[in-house]
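Read off the chains here:
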Amino acid sequence: MSAVVLSEREGRVAILTIHRPDKLNALSEQVRVELLAALAEIEGDDGVGVVVITGSGEKSFIAGADIAEFEGRSPFDQRWAMRSPRIFDVMASFPKPVIAMINGFCLGGGCELAMSCDLRVASEKARFGQPEINLGLIPGGGGTQRLPRLVGTGQALRLILTGDMIGAAEAKELGLVELVVPHDELRARTLELAQKIASKSPLTLKVAKEAVRASERLAIEEGILYERDLFCLCFSSEDKREGVEAFLQKRPAAWRGR
Ligand code: COA
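Computed from a predicted structure; not experimentally measured. (Residues numbered from 1 in each chain as written. Predicted model: local features only at pLDDT ≥ 70, side-chain atom pairs only at ≥ 80, totals over all residues. Heavy atoms only, no water.)

## Observations concerning helix α8 (residues 186-198)
Which entries qualify depends on this criterion: Where helices and strands are cited, they refer to DSSP runs of H or I of at least four residues and of E of at least two residues respectively, numbered from the N terminus. Take the number of residues in a helix, subtract one, and multiply by 1.5 Å to get its expected span. Partly exposed residues are those whose accessible area sits between 20% and 50% of the maximum for their type, while under 20% is buried and over 50% is exposed, using a 1.4 Å probe and protein chains only. Working definition: the arc comes from the directions between the helix axis and the C-beta atoms, pointing outward to the latter.
Along its 13 residues, α8 runs 18 Å from first to last C-alpha, staying within 8% of the 18 Å computed at 1.5 Å per residue. For α8, the complete set of buried residues consists of L186, T190, L191, A194, I197 and A198. Down the axis of α8, the sector holding all buried residues measures 125 degrees, keeping them to one side. Exposed side of α8, more than 90 degrees from the buried face: A188, E192 and K196 are the residues found there.

## Section: the domain arrangement of the chain
Keep this limit in mind: Boundaries of every domain are those given by an automatic assignment or by a domain database. When checking whether two residues touch, look at their non-hydrogen atoms; a contact exists if any pair is within 4.5 Å. A 1.4 Å probe defines the accessible area here, and the buried area is the portion of it lost by two parts on being joined, summed over both. Here, a salt bridge means any side-chain nitrogen of Lys or Arg that lies within 4 Å of a carboxyl oxygen of Asp or Glu.
The domains assigned to the chain are domain 1 (5-198) and domain 2 (202-248). On a C-alpha basis, the centroid separation for the pair domain 1 and domain 2 is 27 Å. Across the boundary between the two partners, domain 1 contributes 15 residues, which contact six residues of domain 2. Carbon and sulfur atoms supply 49% of the area that domain 1 and domain 2 bury against each other, a total of about 690 Å² over both sides. Contact with domain 2 buries surface across domain 1, with A92, P95 and R149 losing the most and accounting together for 42% of the total. For the pair domain 1 and domain 2, the number of links is two salt bridges.

## Focus on the site of the ligand
How we decide: If even one non-hydrogen atom of a residue comes within 4 Å of a molecule or strand, that residue is called near it. Polar contacts, as counted here, are pairs of nitrogen or oxygen atoms within 3.5 Å of one another; within protein the pair requires one atom able to donate a hydrogen and one able to accept it, and residues that are adjacent in sequence qualify only if both atoms are side-chain atoms. Only the protein chains shown count as covering a residue, and every accessible area follows the Shrake-Rupley method with a 1.4 Å probe. Each residue receives one of three labels: charged for Asp, Glu, Lys and Arg, nonpolar for Ala, Val, Leu, Ile, Met, Phe, Trp, Tyr, Cys and Pro, and polar for the others, Gly being one of them.
Among the 16 residues in the neighbourhood of the ligand, the closest are listed as K23, K59, A63, A65 and I67. Between A63 and the ligand, the recorded distance is 2.9 Å, taken from a backbone N or O atom to a nitrogen atom. For the ligand, whose accessible area on its own is 860 Å², the fraction buried by protein is 60%. Its residues placed into classes, the shell around the ligand shows 11 nonpolar, no polar and five charged.

## So, the nonpolar core
To keep it simple, the criterion reads: Only buried residues count toward a nonpolar core, which is a set of Ala, Val, Leu, Ile, Met, Phe, Trp, Tyr and Cys residues joined through side-chain atoms within 4.5 Å.
Ranked by size, the top nonpolar core spans 44 residues in total, and within it L35, I53, I102, L113 and F128 carry the most contacts. Apart from residues lying up to four places away in sequence, L113 is in contact with L27, L35, I53, F61, I62, I87, F88 and M91. Residues V50, A194, I197 and L205 belong to the second largest nonpolar core, which totals 14 residues.

## Description of the pairing of strand β2 (residues 13-18)
Going by this rule: Whether two strands pair comes down to DSSP finding at least two bridges between them. The crossover handedness rule: strands pointing away from the viewer, path from first strand over the helix to second strand clockwise, crossover right-handed.
With six of six residues buried, β2 is to be regarded as a mostly interior element. The side-chain alternation of β2 yields two buried faces, one formed by V13, I15 and T17 and the other by A14, L16 and I18. The loop that links strand β1 (residues 5-10) with its antiparallel partner β2 comprises two residues; one of these, G11, has a positive phi angle of about 60 degrees. Examined bridge by bridge, β2 and strand β3 (residues 50-55) share six bridges and lie parallel to one another. Considered in β3, the bridge of T17 is made with T54. The parallel pair β2 and β3, bridged by helix α1 (residues 29-43), forms a crossover whose chirality is right-handed.

Pasting the structure below:
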C-alpha cells in the first residue's frame, strides 16, 4: 500500500501532505494511522518547531471522512474507527504549533481537522463546509464544538444545518481562517508564517499554546490564574534569561529550548 501521508522538512518546519488526490484527500483509516505516526515522529524531533498540514493537488485540502468506508459499517465498527487517539485532539494538544495550509475543499472532517490546528491559512480558492447533514449525519470530529467556538453559535448552526459551502473570504470574515492569500502564493505565505513562529523558543511556544488552549475549557478566573502560573514557570527557563538578556544587550536571542 503506498503512503497517503507525505512528510518533508523546510528548515524547522515539517510539512505533512495528505496524499489521496484522486479521492480529494478524504480521511481514511490509513490516513489516520499514518498521520498519527508522522506526528509521533515529529513530536520527538527537536529540529522541528512548527508543523504545516495540507492536501495533495490543486483542488482539495481534505473533502471529509472517507464516505466509502461508512458503507456497511455497524455502529460498533464506526466507534472503533473513531477510537482514541483522535487525530483532531492530537493536533489541538500537540506540543508544537500546527498550521493548516488550506489549498481547496475543506469539508466535514477536513474542516474539523483545520479547526483543530492552531492557525489556518487559506487559498482564496478554498471552500469550507460541514456537509454531514446531507448524509444523514452530524459532524463527528469535533465540529459541533469547535465551529461555534470559532464563529459563534448562530453561524455554526447555519453551516451545520444547511450543509452549505462558503468561500475563503466569508470564512475569514466569520473567523474560521486567519489569513486568505492568492492561490499561487499559498505555500510561500504559509511557510513564511511557519518559519517566523519556528524561530521562537520551542519551549515558550509550547507553553503559550497550552495557555491559550486552556481558554477553551476554563472559566476566565481559572484561566487567568493558570496563565499566571505558566508565566511564572517561564522564569525558570534558560530561554527567559536569554530573551531578557538579549533585549537589554540589544542583540538577537539565541534560543535553546530549555
Ligand atoms: N469520501 C470518499 N470519497 C470522496 C470524498 C469523501 N469525503 N469526497 C470526494 N470523494 C471522491 C469522489 O467519490 C470521487 O471519486 P471517484 O472519482 O472514484 O468517483 C473523487 O473523490 C472526486 O470527487 P467528485 O465528487 O467527482 O469531485 P467534484 O469536484 O465533482 O465534487 C465535492 C467535489 C467536494 C463537492 C464532492 O466530492 C463532495 O461533495 N464530497 C463529499 C464531501 C462530504 O460530504 N464530506 C463530509 C464527509 S462526512
